[in-house]
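# Close look at the chain arrangement
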Amino acid sequence: TDGLNIRAVAAGKQYFGSATDNGELSNSAYLSGLSNTADFGQITPGNSMKWDSIEPSRGSFSYSGGDTIQQLAVKNGQKLRCHTLVWHSQLPNWVSNGGFDNATLISVMKNHITNEMTHYKGKCFHWDVVNEALNEDGTFRSSVFYNTIGPAFIPIAFATAASVDPDAKLYYNDYNTENAGSKSTGAQNIVKLIKQYGAKIDGVGFQSHFIVGSTPSQSAQVSNMNAFVSLGVEVAITELDIRTNTPATSSAVAQQAKDYAATIGACKAVAKCVGVTIWDYTDKYSWIPGVFSGQGSALPWDDNLNKKTDIYNAILNAW
Ligand code: XIL
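Throughout what follows, the structure given in this document is the object of discussion. (Residues numbered from 1 in each chain as written. Predicted model: local features only at pLDDT ≥ 70, side-chain atom pairs only at ≥ 80, totals over all residues. Heavy atoms only, no water.)

Our next topic: the pairing of strand β9 (residues 273-278). The element β9 is largely enclosed, with a buried count of six among its six residues. Sheet topology note: the strand β1 (residues 15-20)/β9 ladder contains four bridges and is parallel. Within the sheet, the bridge partner assigned to Gly17 lies in β9 and is Thr277. Where strand β8 (residues 234-245) and β9 come together, three bridges link them in parallel fashion. Note on β9: the bridge partner recorded for Val235 is Cys273. Note on the crossover from β8 through helix α11 (residues 250-269) to β9: the handedness is right-handed. (Buried < 20%, exposed > 50% of the residue type's maximum accessible area, 1.4 Å probe, protein only. Helix = DSSP H or I, 4+ residues; strand = E, 2+ residues; numbered from the N terminus. Pairing = 2+ DSSP bridges. Right-handed = clockwise from strand over helix to strand, strands pointing away.)

Have a look at this one:
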């Protein structure tokens, strides 16, 4: 048999994978597609391991949603990327509006990381430790973590994570960092900052939520990845989707196939790019239409779970 993950592995990568989450698993056709390891050798929970799901009130941890995805990965023999520990979004009010002082917020953050990573110790091959800490101009985003702790919240989070599960690869993950520019430079500075503090960072994730026709070229993505690899980290494409206005025109679909191929080709070309994850595999469960009004049709399977042959084959053959 053949498939997206089989081709990725044949190209020397660790996996091709998909995001998923609990609400979708009751759809048996969806579940069987997701569980087909010819296509998907890795899964990421889209929501269930975020702070608001895991620790909705202080010190009260709820793992059932995350465990469902973790157990599915084990059952299917898929790698698990765990997402995400420290993020300004999907963060409960008790953290964002808690009015904690510096020392208390550091301890709240360390306690969250320690509890969640201990629960999943040995089960996550990657952890997105910090997500989306940057503004578009490469400066630090205003968040309760940055505003209270300063830039040190990032290395503190990574040092805590490394102490809990030394075997997990620890990632910084962000979007609009896939191309050279201020935000990519900002992310490179985060890698340097973590290392300057003496903490460990293993990888940088490029979310890669792209727009048809303005996806960075393969060569631009390769040289950007190489700038990170030079700093001593691996890289991964963590949340790939390529959106268009809906309904998609045939010329948009043809361009999406090229944009997907350019992105896969970039990961293929960079030895330290370890794998690619799409942000769910079917338009039926894509986050795009809910957030970007009038856009969607961003994934290789349509709303009816049918493969879009042109896009699927473009990915397959780009590996
Ligand atoms: C999205 C989920 O897919 C949605 O279901 C949720 O409503 C919002 O978050 N960057 C990230 C992901 O790192 O966690 C986001 O996932 C998409 C953008």
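What follows deals with the packing of aromatic side chains. Evaluation of the coordinates by the stated rule reveals 18 aromatic pairs. Aromatic pair Tyr63 and Tyr120: ring centres 5.6 Å apart, planes at 80°, arrangement edge-to-face. Remark: Tyr120 occurs in the loop between α6 (102-119) and β4 (126-131) and Tyr63 occurs in the loop between α3 (51-54) and α4 (64-76); sequence separation between them is 57 residues. The class of Tyr63 is buried, set by a relative accessible area of 11%. Ring pairing ties together the aromatic residues Phe16, Tyr30, Phe40, Tyr281, Tyr285, Trp301, Tyr312 and Trp319, which thus form one cluster. The residue whose ring lies beneath Lys183 is Tyr175, and the NZ or CZ to ring-centre distance is 3.6 Å. When the ring centre of Tyr312 is taken as origin, the NZ or CZ atom of Lys307, which lies over that ring, is 4.0 Å away. (Phe/Tyr/Trp six-rings, centres within 6.5 Å; stacked < 30°, edge-to-face > 60°. Lys NZ or Arg CZ within 6 Å of the ring centre and 35° of its normal.)

The next subject is the environment of Ile190. Mapped onto the secondary structure, Ile190 falls in helix α9 (residues 182-196). Distance from Ile190 to Thr277, taken between C-alpha atoms, is 23 Å for residues 87 residues apart in sequence. Dropping the residues within four chain positions of it, Ile190 is found in contact with Ala133, Leu134, Phe140, Ile154 and Tyr172. (Contact = heavy atoms within 4.5 Å.)

Further remarks concern the pattern of salt bridges. Per the counting criterion, the structure on display carries six salt bridges. Through salt bridges with shared partners, one network takes in Glu136, Asp174 and Lys183. (Salt bridge = Lys/Arg side-chain N within 4 Å of Asp/Glu carboxyl O.)

In this structure, Phe16, Trp127, Val130, Phe145 and Phe158 are the most contacted members of the largest nonpolar core, which totals 89 residues. For this core, the element with the highest residue contribution is helix α8 (residues 153-164), accounting for eight residues. In this structure Phe158 touches Val129, Val130, Leu170, Tyr171, Tyr172, Ile194, Ala199, Lys200 and Ile201, once residues within four positions along its chain are discounted. Membership of the second largest hydrophobic core comes to five residues, among which are Tyr15, Tyr171, Ala236 and Val274. (Core = buried A, V, L, I, M, F, W, Y, C linked by side-chain atoms within 4.5 Å.)

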